[in-house]
Amino acid sequence: MSDQTKVFGKERPLSVLAVFGTRPEAIKMAPLVRELRRREGIDCRVCVTAQHRELLDLVNAHFGLVPDDDLNIMQQRQSLCGVAARILTGLEEVLRRRPADLVLVHGDTATTAAAAMASFYCQTAVGHVEAGLRTGDRRAPFPEEGNRLMAAQLCDLHFAPTAKNAAALAAEGVTRNVFVTGNTVIDALDYTVRPDHTFEDEALPPLLEAYRRIVVVTAHRRENWGAPLRSICEAVRELADRYPDTAFIYPVHPNPTVRQTAEEVLSGLPNVALLAPLSTGDMHNLLARCHFCLTDSGGLQEEAPALGRPVLVLRRETERPEAIEAGTARLVGVDREDIVREAARLLDDAAAYEAMAQAVNPYGDGHACRRIADAIEYVYGLRDIPPEPFGGSRS
Ligand code: UD1
Ligand code: UDP
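The structure presented is a predicted model; accordingly, all values stated were derived computationally and were not measured.

Within the fold, Glu35 resides in helix α1 (residues 23-38). On the basis of relative accessible area, Glu35 is assigned to the buried category, the value being 13%. Those residues in contact with Glu35 that sit more than four places away from it in its chain are Cys369, Arg370 and Ala373.

This is how it looks when you write it as structure tokens:
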């Protein structure tokens, strides 16, 4: 990392390059880019890898973000190695053309690991946003846990959402430049959720009008492809049959493997809506209005608790135990009977529902972006004191 911190803000601004490529990274980086662009001593540019194309563009449009560089790497049914290779060479070219003082990566995707590696090879400092999430098993979830471990080794600054995440980094010997900031997803919700939101997807208002309750479903993860996803969809089918007064809204990930299974099992049911991916605004406002959600998504495990909506997590393990400990999320796995039993409990038993429907917010207080920007300014000599760590919960 540069030892010339004195020049920043005086002779020239600190040059930060935010790199992201998938939907969840974009949702969580967009408010940070907005915050960094408000800082006088910082020049923040954006390079998207476009590991996701349409999903990424939906988010950038919502936040009004126009990338400075676009590697445009997505291919249908892309492989992990292909994605990583295209990012390594693409980002090297971007950094050669216009060097940055600091690259920021986010989370645990192929973009995260490859962008951290490209920056390391280009001898550019890297900061990791959403650092320190761990299941403790390098292969589960695959490849996300491995991507996070690689990022931790390659990065110079680590922005851990929670104290637990910082402790996980410390247990791996990563203690320098670790800041507990909260998760920027909570900042994003403050931007997107509005009581008077007008839904862009025309299917949503009639569903919200016609059905007594809405259950939001999402499932896309690699470890659930095949039999687990089929079992998840069969559980939804059984629930839809049992609860005709409830609409099950499933915006389906464009991955052809996922789409095929969802359509095979769930097409043609009156109270199951298989929708195209929703805009960020529609998704967050739908979550705010739903009864609960069934999901294997990482981001939804953070967003739903913040909005006071129970989450049944369709996975065998999670790197986000905080909401489970708080009682608002439950790990139900991917077996059809388990999913049906736990969902039915939330639909039938008002007391059980109320016990889970507490707005808890172990992941942030809406000020993560400010803390991350302050921490960057502190490390680069633009500010004298580090930010106060995020220490609790805003409900
Ligand atoms: C990726 C991440 C995963 C994250 C998820 C969020 C990796 C290895 N995986 O998984 O951690 O949870 O994003 O959604 O980084 N596709 C489109 N249009 C899009 C996006 C995807 O058509 O806008 C299709 C393409 O055929 C693409 C496929 O989906 O090849 C898979 O995309 P990919 O980014 O490789 O994996 P995800 O399953 O989305
Ligand atoms: N999301 C969205 N539209 C959708 C489905 C999800 O905007 O149709 C948002 C969701 O609110 C969350 C993020 O996408 O902020 C999660 O992305 P995803 O589930 O693809 O990835 P993960 O979080 O599992 O890595």
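Here we take up the environment of Ala375. Relative to the elements of secondary structure, Ala375 occurs in helix α16 (residues 368-379). The exposure class assigned to Ala375 is buried, which follows from its relative accessible area of 0%. Considering only alpha carbons, one finds Ala375 and Phe179, 196 residues apart in sequence, at a separation of 7.2 Å. Apart from residues lying up to four places away in sequence, Ala375 is in contact with Phe159, Phe179 and Pro387.

Near ligand 2 there are 17 residues, and of these Arg23, Leu278, Gly298, Gly299 and Glu303 occur at the shortest range. The side chain of Arg23 places a nitrogen or oxygen atom 2.8 Å from an oxygen atom of ligand 2. One of the side-chain N or O atoms of His220 is found 3.0 Å from an oxygen atom in ligand 2. Compared with its free state, where it exposes 540 Å², ligand 2 has 94% of that area covered by protein. The set of elements that each furnish at least two residues to the shell around ligand 2 consists of α1, α11 (280-289) and α12 (298-306). Looking at which element gives the most residues to the shell around ligand 2, the answer is α12, with four residues. For the shell around ligand 2, a count of residues per class yields seven nonpolar, seven polar and three charged.

Conventions adopted
- Residues numbered from 1 in each chain as written.
- Chains lettered and ligands numbered in written order.
- Predicted model: local features only at pLDDT ≥ 70, side-chain atom pairs only at ≥ 80, totals over all residues.
- Heavy atoms only, no water.
- Helix = DSSP H or I, 4+ residues; strand = E, 2+ residues; numbered from the N terminus.
- Buried < 20%, exposed > 50% of the residue type's maximum accessible area, 1.4 Å probe, protein only.
- Contact = heavy atoms within 4.5 Å.
- Near = heavy atom within 4 Å.
- Polar contact = N/O pair within 3.5 Å; in protein donor to acceptor, adjacent residues only side chain to side chain.
- Areas by Shrake-Rupley, 256 points an atom, 1.4 Å probe, with all protein chains shown as cover.
- Nonpolar A, V, L, I, M, F, W, Y, C, P; charged D, E, K, R; others polar.

Shape descriptors only; they carry no functional weight alone.
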